[in-house]
Amino acid sequence: SYCVGQFFKSGNVNKLSQEDWMMSYLYFLETHFYEMRKSAMRSGCRNVDRIVYFADADGIVKSITNRKIWKVLPLLKTLVTLIECHYPEIVEHIVLFNVPKVASAVYKVVKAFLDPVTAGKIELFSGVPYGRFKELLEEDVIPVEYGGTNRIDYPQTSSN
C-alpha cells in the first residue's frame, strides 16, 4: 500500500523531472517483479505476472485545496500511458481507499484518459476495505494499520 494522497499534497512531484519519476517507477516495478519471481521460484509457486495495487487516498482533499494536485495529474497521465504501452494487462486490480467524495469526482475526469479495460480494474472505497483486502491478499501481507498483520515499515512521503 502506498499513501498516494500524502504524495499528492506534499508537492514532492516537483522534486524530480517527469522523466526521472518515470525511470524511478520503472526501476521500482522491475525490482519488485524480479523479487516476486525469485520468491515464487523458491517456494514452487506459479510465476508472478500481475500486480494488485492498493493506494491510500488520505490527503487528496488537502492536495486539491493547496492546488498541488494539478501538478501531479500530468505525471499520472504519463505513468498510466507508459504502463499501458510497456506493461499491457500487468495490473489485475487497483484499489484506492479512503477516497473522499470530491476525489471521486476528479477521478471521473482522469478516467477519460484510461483504457476502458484498465478503468474496469479500478475500485474506489470511501474507507479502508478490509474485506476486499482479504479477498485479494493474505492477512500477513496487509499492513497492520489497515487491519492485517504485516509490520513492515513502509516509506512515508515527506512534506515540504
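Our subject is the structure that appears above.
Numbers given to residues run from 1 along each chain, matching the order in which its sequence is written. Totals for whole chains, interfaces and linings use every residue, but because this is a predicted model, local features are given only for residues with pLDDT of at least 70 and side-chain atom pairs only at 80 or more, for both listing and counting. Hydrogens are left out, water is left out, and the side-chain values use all remaining heavy atoms of the structure.

Engineer: Help me get a handle on the side chain of Asp 56, residues and values and all.
Structural biologist: By the criteria applied, helices consist of DSSP H or I runs no shorter than four residues and strands consist of E runs no shorter than two, each listed in order from the N terminus. Mapped onto the fold, Asp 56 is located in strand 1 (residues 51-56). A relative accessible area of 6% means that Asp 56 is categorised as buried. Within the structure, the side chain of Asp 56 is placed 2.9 Å from the backbone nitrogen of Asp 58, a separation counted as a polar contact. Throughout this description, buried means an accessible area under 20% of the type-specific maximum (1.4 Å probe, protein chains only), exposed means over 50%, and partly exposed covers the range between. Think of a polar contact as two N or O atoms within 3.5 Å of one another; within protein, one of them needs to be a possible hydrogen donor and the other a possible acceptor, and neighboring residues in sequence only count if both atoms come from side chains.

Engineer: An account of the sheet that holds strand 2 (residues 91-97) is needed here, citing residue identities and associated values.
Structural biologist: Pairs of strands are assigned from DSSP output, requiring at least two bridges between the strands. Read across the sheet, three strands follow the order 1-2-3 without closing on themselves; strand pairing throughout is parallel. Sheet topology places strand 1 and strand 3 (122-124) at the edges, where each strand pairs with a single neighbour. With strand direction ignored, the average angle separating the axes of adjacent strands in the sheet is 15°. Here six bridges tie strand 1 to strand 2, and the two strands are oriented parallel to one another. Looking at strand 2, one finds that Val 52 is bridged to His 93. Think of each axis as a best-fit line through the C-alpha atoms, taken over the contacting stretch in the case of a helix, with angles from 0 to 180 degrees between the N-to-C directions.

Engineer: An account of the packing of aromatic side chains is needed here, citing residue identities and associated values.
Structural biologist: Aromatic rings from Phe, Tyr and Trp, with only the six-membered ring used for Trp, were paired whenever their centres fell within 6.5 Å, and each pair was classed as stacked if the ring planes differed by under 30 degrees, edge-to-face if by over 60, and tilted otherwise. This model, assessed by the stated rule, comprises five aromatic pairs. Residues Phe 54 and Phe 133 carry aromatic rings whose centres are separated by 4.8 Å and whose planes lie at 85° to one another, so their mutual orientation is edge-to-face. Taken together, the positions of Phe 54 in strand 1 and Phe 133 in helix 7 (residues 130-136) put the pair 79 residues apart, joining distant regions of the chain. The same class applies to Phe 54 and to Phe 133, which are both buried. Consider the rings of Phe 133 and Tyr 146, whose centres lie 6.2 Å apart with planes at 80°: the pair is edge-to-face. With Phe 133 in helix 7 and Tyr 146 in the segment after helix 7, the pair connects residues that are 13 residues apart, well separated along the chain. Across the pair, Tyr 146 and Phe 133 agree in class, each one buried. Through a chain of ring-to-ring contacts, three or more aromatic side chains come together here, namely Phe 54, Phe 97, Phe 133 and Tyr 146.

Worth remembering: the numbers are spatial, not functional.
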